[in-house]
Amino acid sequence: MRRHRIAVVALNHFAPLDFGIPGQVFWAAETPGGEKLYEVVTCSEGRRPVRCSAGYSVQPDHDLDVLDTADTVLVPGIHAGRALKDGTLSAGLRAALRDRPRVMSICTGAFVLAAAGLLDGRPATTHWREAPRFAELFPQVKLDPDVLFVDDGDVLTSAGVAAGMDLCLHVIRRDHGSEVANRTARRCVMPPWREGGQAQYVERPLPHEPAGGLGPTREWMLAHLDRPLDLNALAGHARMSVRTFTRRFREETGVSPARWLAAQRVQHARHLLETTDLGVEEVARRAGFGTAVSLRQHLHAAVGVAPLAYRHTFRRV
């Protein structure tokens, strides 16, 4: 089986962990028989050495011509350079990034994609700390600084470091289904998905709360997705008033309880559609949507397809 080729574009001032993420996460993706599903290669303009913010340089194996053989092009984050300073790129790099089958960025790599004109009129994200500068340089991009990553089909962007891992795992899931992605997550000792968005990581003062977090209540919610879980029931489990529970939940996850719960139910429904032969009605019941109509509405809002179409796509492997 031909491996999907990921070409990582190394730029000066690259973020070292961002640069290493694709080689680790995609390398860990395998068939049940242990066959690697991806090949990761690195490149730079003129195959020149590039230096990172941690005080060392790397020598990529290829120049930008290798992008012509890539199925996916990935740009790691950068800590300095033209794209961050004034939103521009060299003509050679700008041309090399255009017209590729699929392009991804981690963290401030979104500045590079935007400078290449790949994000014009499209939704995207980047690290929350750099979001104001991004919005100023690229007002034509539909920036969403509150999410961990954005999948816009052939162009995908993510927030800082760990969100880059989330995005790589999402791509593996999109390409090969949840079983491969879950196996990869276990290999990398990371969660298959993370809750909430960037809001939970933004620096802001929080009031002192002597009580513990709401992790146990979220675990209880996950164990009872098939039940009706209203705010009164959730607040009761946490032994809080509804008002206090709602405020604390948003502080910890960055989203409301209802939005978090809906996302977990969609995720569970996707897993059931990918890994079982259960009918749509039964999937809807087990995921807590109650009816197939409700499941179709929520799934279409989340991924743009109906349950049977989703199952057909993700069970092809």
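Above this text is the structure in question.
Given the structure is predicted, the values throughout are model-derived calculations rather than measurements.

K.L.:
Whenever I open this one, the packing of aromatic side chains confuses me. Can you help?
P.N.:
The way to describe two aromatic rings as a pair is by their centre distance and the angle between their planes. Throughout the structure, instances matching the rule amount to seven aromatic pairs. Between F14 and F19 the ring centres are 4.8 Å apart and the planes differ by 40 degrees, which places this aromatic pair in the tilted class. Residues F14 and F19 agree in their burial class; the two are buried. Put simply, the rings of F111, F134 and F138 touch in pairs and so form one group of aromatic residues. Here the basic side chain of K36 rests over the ring of W27, its NZ or CZ set 3.7 Å away from the ring centre. If you follow R218 out to its NZ or CZ, it ends over the ring of F249, 5.9 Å from the centre.

K.L.:
For this particular structure, what's the right way to read the pairing of strand β2 (residues 38–43)?
P.N.:
Here is the key point about a regular strand: its side chains alternate between the two faces of the sheet. In terms of strand pairing, strand β1 (residues 4–9) meets β2 through six bridges, oriented parallel. Paired with R5 across the strands is E39, a residue of β2. With helix α1 (residues 16–25) bridging β1 and its parallel neighbour β2, the resulting β-α-β unit is right-handed.

K.L.:
Explain helix α12 (residues 280–287) here, please?
P.N.:
Three- or four-residue spacings in an α-helix give side chains the same orientation, since the helix completes a turn every 3.6 residues. Buried residues of α12: V280, V283, A284 and A287, and no others. Along the axis of α12, the buried residues cluster in a sector spanning 100 degrees; they form a single face. Following α12 by one or two positions, G288 has its phi on the positive side, about 95 degrees.

K.L.:
Would you take a moment to explain the sheet that holds strand β6 (residues 103–105) for this structure?
P.N.:
Strand pairing in a sheet takes place through backbone hydrogen bonds and is either antiparallel or parallel in direction. Ordered in space as β2-β1-β5-β6-β10-β9, the six strands form an open sheet in which the pairing is mixed. One side of each edge strand has no neighbouring strand; the edge strands of this open sheet are β2 and β9 (149–151). Across the sheet, the axes of successive neighbouring strands diverge by a mean angle of 20 degrees, strand direction being ignored. Judged from the three bridges that link them, β6 and strand β10 (residues 155–158) form a sheet pairing that is parallel. Each bridged residue has a counterpart across the sheet, and for M104 the counterpart in β10 is L156. Contacting β1, β2 and β5 (72–75), α1 crosses the sheet at an angle of about 155 degrees to β2.

K.L.:
Sorry if this is basic, but what is going on with the nonpolar core here?
P.N.:
What tends to happen in soluble globular proteins is that the nonpolar side chains get buried as a cluster. Counting residues in hydrophobic clusters, the biggest one holds 33 residues, and the most contacted among them are V9, L67, L97 and V112. At the level of secondary structure, the elements contributing two or more residues to this core comprise β1, β2, β5, α2 (82–86), α3 (91–97) and α4 (109–115). Of the residues forming this core, the biggest block, six residues, is contributed by α4. Contacts of L67, omitting those with residues within four sequence positions, involve A7, V9, C43, V73, A96 and R100.

So, how was this worked out
Residues numbered from 1 in each chain as written. Predicted model: local features only at pLDDT ≥ 70, side-chain atom pairs only at ≥ 80, totals over all residues. Heavy atoms only, no water. Phe/Tyr/Trp six-rings, centres within 6.5 Å; stacked < 30°, edge-to-face > 60°. Buried < 20%, exposed > 50% of the residue type's maximum accessible area, 1.4 Å probe, protein only. Lys NZ or Arg CZ within 6 Å of the ring centre and 35° of its normal. Pairing = 2+ DSSP bridges. Helix = DSSP H or I, 4+ residues; strand = E, 2+ residues; numbered from the N terminus. Right-handed = clockwise from strand over helix to strand, strands pointing away. Arc of directions from axis to C-beta. Axes fitted to C-alpha atoms, helices over the stretch in contact; angles between N-to-C directions. Contact = heavy atoms within 4.5 Å. Core = buried A, V, L, I, M, F, W, Y, C linked by side-chain atoms within 4.5 Å.

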